[in-house]
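# Residue-level structural notes
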Amino acid sequence: MEDDAPVIYGLEFQARALTAQTAETDAVRFLVGTQSLKFDNQIHIIDFDDENNIINKNVLLHQAGEIWHIGASPADKAVLTTCYNKSESHCFLLSVAPFAASLCSSFFSSDSRVVSCAAVWRMPSDWETGSHESPDESAHNPQTLELLCHLDDSTHGNAACVLWEPMGDGKRVISLADNHALLWDLQESSTQATVSSTATLEGKGQLKFTSGKWSPHHNCSQLATANDTAIRGWDLRTMSQIYCIENAHGQLVRDLDFNPNRQYYLASCGDDCKVKFWDVRSVQEPVKTLEEHSHWVWSVRYNHSHDQLVLTASSDSRLILSNMVSISSEPFGHLVDDEELSEGEELHQEDKGKEPLKDSVVSTYEEHEDSVYAAEWSSADPWLFASLSYDGRLVINRVPRALKYRILL
Amino acid sequence: MVGDGSVPVAEDPGRRRRVHGMLKLYYGLNEEGKAPEQPESLDPCDINGPHFDPELYLNKLRRECSLTELMDQETCMVRQIRSLDSDMQTLVYENYNKFISATDTIRKMKNDFKKMEDEMDCLSANMAAITEFSARISGTLQDQHAQITKLSGVHTLLRKLQFLFELPARLNKCLELQAYAQAVNTHRRARCVLQQYSHLPSFKGIQDDCHAIMDKLAQELRQKFRDGGSSAKDLSECVELLLQLDEPAEELCDKFLSHARSRLESDLQGLEAEIRPYPSTSATKDASVHGLSSTTAPGSPADGSPKNSSLPSPASNTDILEFIDRGCNEFVSSLCLVITSYQELFINHAQKGELASKNIPQMANGKLHVFVDDLAARYFMLVERRIQEEKGVGDNSLLVRALDRFHRRLQAVAKLLPGSAVPNKGTEIVIRAATERVKQYLSALQSFYMDSLTDVRQALATPRLSVAGTSVAGPASGRDAPTSLPELLSSLSASILNQIKSVLASVHLFTAKDITFSNKPYFKGEFCSQGVRESLVVSFIKFVCQSSRQFCETAGDKGGSTPPALLLLLSRLCLDYETSTISYILTLTDEQFLVQHHSPVTPVTTLCAEAREAAQKLLNHYVKVQGLIISQMLRKSVETRDWVNTIEPRNVRAVMKRVVEDTTSIDVQVGLLYEEGVRKAHSSDSSKRTFSVYSSSRQQARYAASYTPSAPMDTNLLSNIHKLFSERIDIFSSVEFNKVSVMTGIIKISLKTFLECVRLRTFGRYGLQQIQVDCHYLQMYLWRFVSDENLVHFLLDEIVGSAAHRCLDPAPMEQSVIEVICERG
């Protein structure tokens, strides 16, 4: 009972960016990027000790600017990307002490400009050891991220997000900047980035990608992007559009995720408070629509192992875990291969057949008090997930045990 | 004296009677002295009494009377005695004469008898002579008599033979004259004889001749039978004759029926020609029919209704009543005729005659049933096809009358043919037609509803356009358009109700008393409850709810395709339905149709719940759509501006004014249809409230936050505490059916959007100040619309707080300056 209680961690800054450390498969570890215009921004490395129910954190400085998006390399634990804003007339602020913030205001000129950039970073190698020896010391003298390379191209605009090649070797990333999708090759242990190909969204008005997702299927050759109310699929080999879901949502599409096990299935969420599940082979109608949130849905995430579990975060300050059995890869419960099936398991298998699970909301988490902009599953423990609200509150929750056992057994 | 008197009494009994009284008087009771009947005569002094005692009498006289009196008495007595004696003498004389005459008579009689005896003897002698003669004559005539008898026998035989010999000729003649009946009759009389004597060559010849002739006759009859030109009566005569000619009955039945069939089929074809969904099959035949009917078509009543004429089907050039009439008059009546004559011929007739033994009635009956069923099936098929074409719902009475006639005429068949399935099938057709009709009414109602919605939509669109063209002022356009909203609502609901009523009235015709099929159990029970109540009324109400819900689903996301006013109107309509209309309609239905709920029916409460749900959904959707429209304005205004490099605010931005204007017009619009609702008490100075949280504790807390090491649960404490005490706000939540709740919903959505958009931007100093001004302006005007002004305060606080947080140079504007700017604007 006790360990089903959520674990809450508070950051002193507002935050939007959250990711699981993808390459880490042993420890439950999340990265959080803060948003502050006045102080040095930080990346919090949150370690969760499942057995003792304790959070360990480490802070790294991200002095380039406030973080809007964060992505962890699937190959190298220490490598990550961020999308950040920096105001150009203001860069000196990065080096001054936080207490001086109120004094700085006089330096702003009227033509100051805020630009969005993207970069690849490496964590200092000893961040972990440092924190364990003396937490206080590390807090006072936080180490700084080491810049590997910028993912910026003067010809292309503001970066909205950076996507790592799923399950790749950490050599390829895609950045979405305004209406361009740029495929980068990282060389020389990621210190050098070159654009290998680009795709541009053409159309009336100022088109802008809001979010995107690199499909783990089809040999990682597909990308899905969202702009305004439309979802588009791209073939990375030709950098051409392969499908388009016009008006996928009534309002802006905020986030996408691919089903990790069913290659044509895609989840999307948006400002119409809905979460929709699509089969990209027939895009006229969504396969399923959820309407549980009472405000915009900012994030949707499939569980990496059990794709019936879907996590959605919304600015109604709620996090909802849904069990979408009917459109999962295991619509009839957990399918155990014959050879794996021991005698004991056979009995459970029969039990399962008696009561098939139905699509349902598993639970609604109300620990947040501000808009929840991000939610992520742990890469190490498929039953753990974290959510981050704007007020800097990170909550780590577990899938309810009853459901966990029903899925497993 | 006394001794004398007794002689004449014994001597003449004949006279005695006459003089009895007198003698009795005189003598008293000599022989019958004990006569008890004379009690007065007991007096011995009564001279006339039986107990007269002369001594006593004398003594008495002597004692009582004087001498003179005695003398007188004595003379009187003498005189009386003398008269009595003379009377007695007269009597004796008279009786003597009579004795004399009687003796004479007897003597005369004796003589007469003697004479008679002689005559009798003479007579008996004569009789004996006569007998003898007669016997002699008989003996003589005996031979001749036998001869005569024989001759007369021969004569008769000869006449019979003559008849036989003349038979062929006679038959031929009959044949020539076509007097078939006579021929058959004649032949029948001769048949047995011919049969009996067929071993004689001469008879054989005659028989053969007769056979030949009769064969010819039969042939001719059959021919006539086959030709079919003759009337039913002729035909039945034919059949009767043929039956008498020992034709096999089965074959005759078949022939009769097939002949009847050919005629009935021509009727059917005539009917079929009137239905023309398959013009190719009967195109040539149709040409003539069409030619005839096309002249009448434009004036025919079926074309009178607009629904009918709009149909492309050319089939309605005779209306259904005419069609059924024709079917009844031609097909059904000929069918009845056929059945009657057939039964007359083969069944009733056969039962009497020798044919009964051969099970012919059963066989014939079976054949008849098959025949009738077959033809009736085809007839029904045609009728059904025709009924199916009856799509227009303009005039139901025509159809009902047609069906009634159809059904009524089939009753005749039912009477004629008791075991037949035909009437049942006919009833089924009627039932099907009725259910089909109910379905059509439902779809008509539905399309009527959709049409009225389209009308409403147009009515909503037109004034808005014109006003938008003439004046730019928001409130004016907002106020003008919805003035007609309540009117539109009432006219819409009234027209729907009227339509329902008229449909109910039309459907009610099916159960009218004078309609034959209305007392079938189906029309009494199931039709009313399942047909009318469930699949018409309930379905329609459900359809209304359903279509309302569809407005929320399909058109919803873009927000533009359904005018919000229509959503509002429909929501009110559904709510009205929930409160009163549904129960009214159902009560009306139940009353009109006396629905007996054998089967479970949808209860009013379910429908009401559904309507309420639809109303709720529509209203929620209305809130959402209006909220989104305002949100969109706010979002665009936040997203498209460069907040970092903006000038010092001098005015409230136009978009905020627009937001307030739109909100006001929405408020007016909603106020037209929904009640005010309750709101929390306002603070004394609602519009002047400053952003206390922002300007004091919270803001300072944020910016004073030292760069301290992060620890769980220690940052943003104040802001978190603040939030602990404020309730969680559900943005797109359900609203109540009142104006305040609706407005609260819309404003919540708008402000939350504003907040989220602000959080995505970065602000310069003046950007923040502009937001402050804008928020204060909104604060001034929006509080009055919502149920709880704290909600507006809270959200605006959040917006300003977030803007301040997203500001590169957070130098808030003086509250007094803000107020001045806002008031100036």
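This write-up is about the structure you can find in this document.

Rules and cut-offs
- Residues numbered from 1 in each chain as written.
- Chains lettered and ligands numbered in written order.
- Predicted model: local features only at pLDDT ≥ 70, side-chain atom pairs only at ≥ 80, totals over all residues.
- Heavy atoms only, no water.
- Helix = DSSP H or I, 4+ residues; strand = E, 2+ residues; numbered from the N terminus.
- Contact = heavy atoms within 4.5 Å.
- Areas by Shrake-Rupley, 256 points an atom, 1.4 Å probe, with all protein chains shown as cover.
- Buried < 20%, exposed > 50% of the residue type's maximum accessible area, 1.4 Å probe, protein only.
- Patch = residues over 30% accessible without salt bridge, like charges linked within 9 Å, V, L, I, M, F, W, Y side chains within 5 Å.
- Salt bridge = Lys/Arg side-chain N within 4 Å of Asp/Glu carboxyl O.
- Lys, Arg positive; Asp, Glu negative; His and termini not counted.
- Charge placed at Lys NZ, Arg CZ, Asp CG, Glu CD.
- Pairing = 2+ DSSP bridges.
- Axes fitted to C-alpha atoms, helices over the stretch in contact; angles between N-to-C directions.
- Polar contact = N/O pair within 3.5 Å; in protein donor to acceptor, adjacent residues only side chain to side chain.
- Phe/Tyr/Trp six-rings, centres within 6.5 Å; stacked < 30°, edge-to-face > 60°.
- Lys NZ or Arg CZ within 6 Å of the ring centre and 35° of its normal.
- Arc of directions from axis to C-beta.
- Core = buried A, V, L, I, M, F, W, Y, C linked by side-chain atoms within 4.5 Å.

Moving on: the overall build of chain B. If you tally the helices and strands in chain B, you get 27 helices and zero strands. Contacts spanning at least 24 positions in sequence make up 81% of the contacts within chain B whose residues lie at least 6 apart. If you sum the accessible surface of chain B, you get close to 42,500 Å²; carbon and sulfur atoms cover 57% of it.

What follows is about the overall build of chain A. Assigned secondary structure in chain A consists of five helices and 29 strands. Burial statistics for chain A: of 409 residues in total, 58% are counted as buried. Sequence-distant contacts, at least 24 apart, represent 55% of the contacts inside chain A between residues at least 6 apart. If you sum the accessible surface of chain A, you get close to 16,400 Å²; carbon and sulfur atoms cover 47% of it.

On to a negative patch on the surface. Side chains of Glu117(B), Asp118(B), Glu119(B) and Asp121(B) sit close together on the surface and give a patch of like negative charge. The topology assignment puts Asp118(B) in helix H4 (residues 67-177).

Turning our eyes to something else, we now look at the pattern of salt bridges. Enumeration according to the criterion identifies 35 salt bridges over all chains in this entry. Note that Asp76(A) and Arg122(A) form a salt bridge whose closest N and O atoms lie 3.3 Å from each other. On the criterion of sequence distance, the pair formed by Asp76(A) in the loop between strand S6 (66-72) and strand S7 (79-87) and Arg122(A) in strand S8 (residues 114-122) is long-range, its members being 46 residues apart. Under the relative-accessibility criterion, Asp76(A) is labelled partly exposed at 28%. Glu756(B) is the salt-bridge partner of Lys752(B), the closest N and O atoms lying 3.6 Å from each other. With Lys752(B) and Glu756(B) both in helix H24 (residues 739-759) and four residues apart, this pair spans about one turn of that helix. When sorted by exposure, Lys752(B) lands in the same class as Glu756(B), which is buried. Several salt bridges converge on common partners, so that one network encompasses Glu24(A), Arg29(A), Asp47(A) and Lys77(A).

It is worth spelling out the sheet that holds strand S1 (residues 7-10) of chain A at this point. All names here are of chain A. Strands sit in the order S1-S29-S28-S27 across an open sheet of four strands; the sheet is antiparallel. Each having just a single partner strand, S1 and strand S27 (372-377) make up the two edges of the open sheet. Pairwise comparison of adjacent strand axes, ignoring direction, gives a mean angle of 20° for this sheet. Judged from the four bridges that link them, S1 and strand S29 (residues 393-398) form a sheet pairing that is antiparallel. Each bridged residue has a counterpart across the sheet, and for Gly10 the counterpart in S29 is Arg393.

Before going further, it helps to spend a moment on the side chain of Ser371(A). Relative to the helices and strands, Ser371(A) is located in the loop between strand S26 (360-365) and S27. Judged by relative accessible area, which is 1%, Ser371(A) ranks as buried. A polar contact of 3.5 Å, which involves the side chain of Ser371(A), links it to the backbone oxygen of Ser315(A). Side chain to side chain, Ser371(A) and Glu756(B) meet in a polar contact 2.6 Å long. Setting aside its immediate chain neighbours within four residues, Ser371(A) contacts Ser314(A), Ser315(A), Ser317(A), Leu388(A), Ser389(A), Tyr390(A), Lys752(B), Glu756(B) and Arg759(B).

Turning next to a nonpolar patch on the surface. Residues and elements named next belong to chain B. On the surface, a cluster of nonpolar side chains totalling about 400 Å² of accessible area is made up of Met120, Leu123, Met127 and Ile130. Note on placement: Met127 falls in helix H4. Its relative accessible area of 44% is what places Met127 among the partly exposed residues.

Below, the discussion takes up the side chain of Thr581(B). Residues and elements named next belong to chain B. If you trace the backbone, Thr581 turns up in helix H18 (residues 564-593). Classification of Thr581 by relative accessible area gives buried; the value is 15%. Apart from residues no more than four positions distant in its own chain, Thr581 is found in contact with Leu497 and Asp576.

What follows concerns the pairing of strand S20 (residues 265-270) of chain A. Residues and elements named next belong to chain A. Counting buried positions over the six residues of S20 gives six, a clear majority of the element. Note that strand S19 (residues 253-258) and S20 share five bridges and pair antiparallel. Bridge pairing in S20 links Asp257 to Ala267. Between the end of S19 and the start of S20, which pair antiparallel, lie six residues. Strand direction decides the pairing type here: S20 and strand S21 (residues 275-279), joined by five bridges, are antiparallel. By the bridge assignment for S21, Ala267 is matched with Phe277. Counted along the chain from S20 to the antiparallel partner S21, the turn is four residues long, and its residue Cys273 has a positive phi close to 70°.

So, on to the sheet that holds strand S10 (residues 146-150) of chain A. Residues and elements named next belong to chain A. Across the sheet, which stays open at both edges, the four strands sit in the order S6-S7-S8-S10 with antiparallel pairing between neighbours. On the outer flanks of this sheet lie S6 and S10, each paired with one strand and no other. Taken over all neighbouring pairs, the strand axes of this sheet differ in orientation by 35° on average, direction set aside. Bridging between S8 and S10 involves four bridges; their strand directions are antiparallel. Paired with Arg122 across the strands is Glu146, a residue of S10.

It is worth spelling out the pairing of strand S28 (residues 384-389) of chain A at this point. Residue and element names in this part refer to chain A. Summarising burial for S28: six of the six residues are buried, a large majority. Residues Leu384, Ala386 and Leu388 line one face of S28 and the alternating positions Phe385, Ser387 and Ser389 line the opposite face, and both faces are buried. Counted between consecutive antiparallel strands, the loop separating S27 from S28 contains six residues. Pairing of S28 with S29, which is carried by five bridges, proceeds in the antiparallel orientation. Across the sheet, Leu388 pairs through a bridge with Leu394, a residue of S29. The antiparallel pairing of S28 with S29 creates a hairpin that spans three residues between the two strands, and Gly392 there sits at a positive phi of about 90°.

In the structure shown here, the tally under the stated rule is 18 aromatic pairs over all chains. Relative to Trp234(A), the ring of Phe209(A) lies with its centre 6.2 Å away and its plane at 80°, an arrangement referred to as edge-to-face. With Phe209(A) in the loop between strand S14 (192-200) and strand S15 (211-214) and Trp234(A) in strand S17 (residues 230-235), the pair connects residues that are 25 residues apart, well separated along the chain. The pair Phe209(A) / Trp234(A) is uniform in exposure class, with both members buried. A cation over a ring is seen here: Arg16(A) above Tyr373(A), with NZ or CZ 4.0 Å from the ring centre. Positioned above the aromatic ring of Tyr674(B), the side-chain terminus of Arg572(B) is 5.0 Å from the ring centre.

All names here are of chain B. Among all positions of helix H27 (residues 815-824), only Ile818, Ile821 and Cys822 are buried. Seen along its axis, H27 keeps its buried residues to an arc of 95°; they face one direction. Those residues of H27 that are buried are in contact with helix H25 (765-782).

So, about the nonpolar core. One broad rule of soluble globular proteins: the nonpolar side chains tend to lie buried together. Core analysis: the largest hydrophobic core is formed by 193 residues, its most contacted members being Phe346(B), Phe371(B), Tyr379(B), Val507(B), Phe510(B) and Phe754(B). In this structure, Val507(B) is in contact with Asn396(B), Val438(B), Tyr441(B), Phe527(B), Val532(B), Leu536(B) and Phe593(B), ignoring residues within four places of it in sequence.

Moving on, we come to the environment of Ser211(A). All names here are of chain A. Mapped onto the secondary structure, Ser211 falls in strand S15. Note: C-alpha distance between Ser211 and Val253 (42 residues apart in sequence) is 8.1 Å. Those residues in contact with Ser211 that sit more than four places away from it in its chain are Cys161, Leu176, Ala224, Thr225, Ala226, Arg254, Asp255 and Leu256.

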